[in-house]
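Structure at a glance
Here is what each chain is made of, one letter per residue.
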Amino acid sequence: MNKKYTTIDTSQPVVMGILNVTPDSFSDGGKFDAVNKAVDHACQMNAEGAGIIDIGGESTRPGAEPVSVQQEIDRVIPVIESLSKELNTPISIDTSKPEVMREAIKAGASMVNDVYALRAEGAIEAVAETAVPVCLMHMQGEPRTMQKEPHYKNVITEIKAFLLKRTEACIQAGIARDRIMIDPGFGFGKTLQHNLLLLKHMEALVDTGFPVLVGVSRKSMFGQLLGLGVDERLHAGLAAATVAVMKGARIIRTHDIKPTVEALKLCYSIQSVTDDI
Ligand code: YH5
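The structure displayed is predicted, hence computed values, not measured ones. (Residues numbered from 1 in each chain as written. Predicted model: local features only at pLDDT ≥ 70, side-chain atom pairs only at ≥ 80, totals over all residues. Heavy atoms only, no water.)

Another point: the overall build of the chain. The secondary structure content of the chain amounts to 10 helices and 8 strands. Whereas a compact globule of 277 residues would reach a radius of gyration of roughly 19 Å, the chain reaches 18 Å, a difference of no more than 12%. Judged by the C-alpha coordinates and their principal axes, the chain covers about 55 × 45 × 40 Å. Across the 277 residues that make up the chain, the buried fraction comes to 51%. When contacts within the chain are restricted to residue pairs at least 6 apart in sequence, those whose partners lie at least 24 apart make up 70%. With an accessible surface of roughly 13100 Å², the chain has 52% of that area assigned to carbon and sulfur atoms. Of the charged side chains in the chain, 29 are positive and 34 negative, and the gap between their average positions amounts to 3 Å. (Helix = DSSP H or I, 4+ residues; strand = E, 2+ residues; numbered from the N terminus. Rg over C-alpha atoms; globule rule 2.2 N^0.38 Å. Buried < 20%, exposed > 50% of the residue type's maximum accessible area, 1.4 Å probe, protein only. Contact = heavy atoms within 4.5 Å. Areas by Shrake-Rupley, 256 points an atom, 1.4 Å probe, with all protein chains shown as cover. Lys, Arg positive; Asp, Glu negative; His and termini not counted. Charge placed at Lys NZ, Arg CZ, Asp CG, Glu CD.)

Structural data, given as structure tokens:
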């Protein structure tokens with residue numbers, strides 16, 4: 001088996017571009033059209049400075065219904081095959097299913113992004129068999145019902161403990177420590193207050209030493225806070241991403257590449273400017 005080590009360079013903050021290949025996103029002109037549109041969108045995100053392209057074929061939005069393994073494979077694999085020929089940018093597969101992880105990596109994906117933190121049966125093994133990095137995300141409950149009544153005694157310590165437990169399980173299974181990233185999972189079983197606390201106390205996750213990935217782009221926390229529709233949340237999302245990165249988060253998952261690249265360049269410039277006094 002090819003165990004070529006793939007790593008994501010997080011020495012500078014990285015933008016991860018979201019590429020949804022669910023039928024509602026790219027389907028008006030049939031299957032080939034859908035693949036072409038997805039590939040074009042990824043190329044544009046790459047040109048705007050995305051360092052990772054995150055491809056997902058399963059909607060994990062609150063209230064979404066599950067899809068089958070075959071449906072997910074049919075949606076994502078043609079896009080990954082085509083993109084991995086066209087781009088050098090790392091491709092991440094956003095899935096919880098071990099079969100999809102395996103097929104995606106075979107097709108050229110070089111990272112796994114799992115909102116279930118590899119808790120599905122066989123998922124840890126699927127990643128351990130390969131050499132790709134993985135992002136472990138926290139979620140309370142499951143997508144269909146998670147926003148009904150999110151509850152924590154202490155949102156920060158509980159999420160940190162969950163993520164550390166998952167990193168330990170991964171390391172036990174043979175996934176090297178330096179292949180693991182963590183993510184508090186904004187909006188996944190969290191109220192507005194929980195999401196704000198996670199931003200306020202981002203350092204607690206950064207302190208674990210694992211690179212922290214943050215996904216706030218267009219999420220409903222901004223709708224709740226500001227009364228804005230999904231297309232009106234760019235500025236708040238940039239502010240939240242900026243706060244997260246200034247507190248040490250390293251990867252921002254977003255729909256809006258160019259503005260996020262610009263904001264993160266500012267963050268990195270502030271973090272790395274030398275004091276001459
Ligand atoms: C994440 O945070 N999120 S899918 C609801 C929205 C807007 C966007 C309009 N996958 C994350 O992006 N993976 C998703 O309201 C993720 N971290 C990681 N690692 C949800 C999403 C969204 C949901």
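Following the structure, the description resumes.
With that out of the way, let us pick up the nonpolar core. The biggest cluster of nonpolar side chains holds 70 residues, and the ones touching the most others in it are Ile 55, Ile 80, Leu 83 and Leu 118. Look past the residues within four positions of Leu 83 in its chain and what remains in contact with it is Leu 19, Val 39, Ala 42, Cys 43, Ile 53, Ile 55 and Ile 91. (Core = buried A, V, L, I, M, F, W, Y, C linked by side-chain atoms within 4.5 Å.)

Moving on, we get to the site of the ligand. Neighbouring the ligand are 17 residues; Thr 60, Asn 113, Asp 183, Lys 219 and Arg 253 lie closest to it. Within the side chain of Asn 113, an N or O atom sits 2.7 Å from a nitrogen atom of the ligand. Interatomic distance of 3.3 Å between a backbone N/O atom of Gly 215 and an oxygen atom of the ligand. Contact with the protein chains covers 91% of the free accessible surface of the ligand, which is 520 Å². Secondary structure elements with two or more residues in the shell around the ligand: strand 5 (134-137) and strand 7 (213-215). Here the residues of the shell around the ligand sort into 6 nonpolar, 4 polar and 7 charged. (Near = heavy atom within 4 Å. Polar contact = N/O pair within 3.5 Å; in protein donor to acceptor, adjacent residues only side chain to side chain. Nonpolar A, V, L, I, M, F, W, Y, C, P; charged D, E, K, R; others polar.)

Here we take up the pattern of salt bridges. Counted under the stated rule, the structure contains 11 salt bridges. Across the pair Asp 33 and Lys 37 runs a salt bridge whose closest N-O atoms are separated by 3.3 Å. Of this pair, Asp 33 and Lys 37 both sit in helix 1 (residues 30-47), 4 residues apart, roughly one helical turn. The class of Asp 33 is partly exposed, set by a relative accessible area of 26%. As a salt-bridge pair, Lys 247 and Glu 203 come within 3.2 Å of each other at their nearest N and O atoms. Of the two residues, Lys 247 is situated in the loop between helix 9 (234-246) and strand 8 (251-254) and Glu 203 in helix 7 (residues 202-206); the sequence distance between them amounts to 44 residues. (Salt bridge = Lys/Arg side-chain N within 4 Å of Asp/Glu carboxyl O.)

Take it as geometry only, folks, not as evidence of what the structure does.
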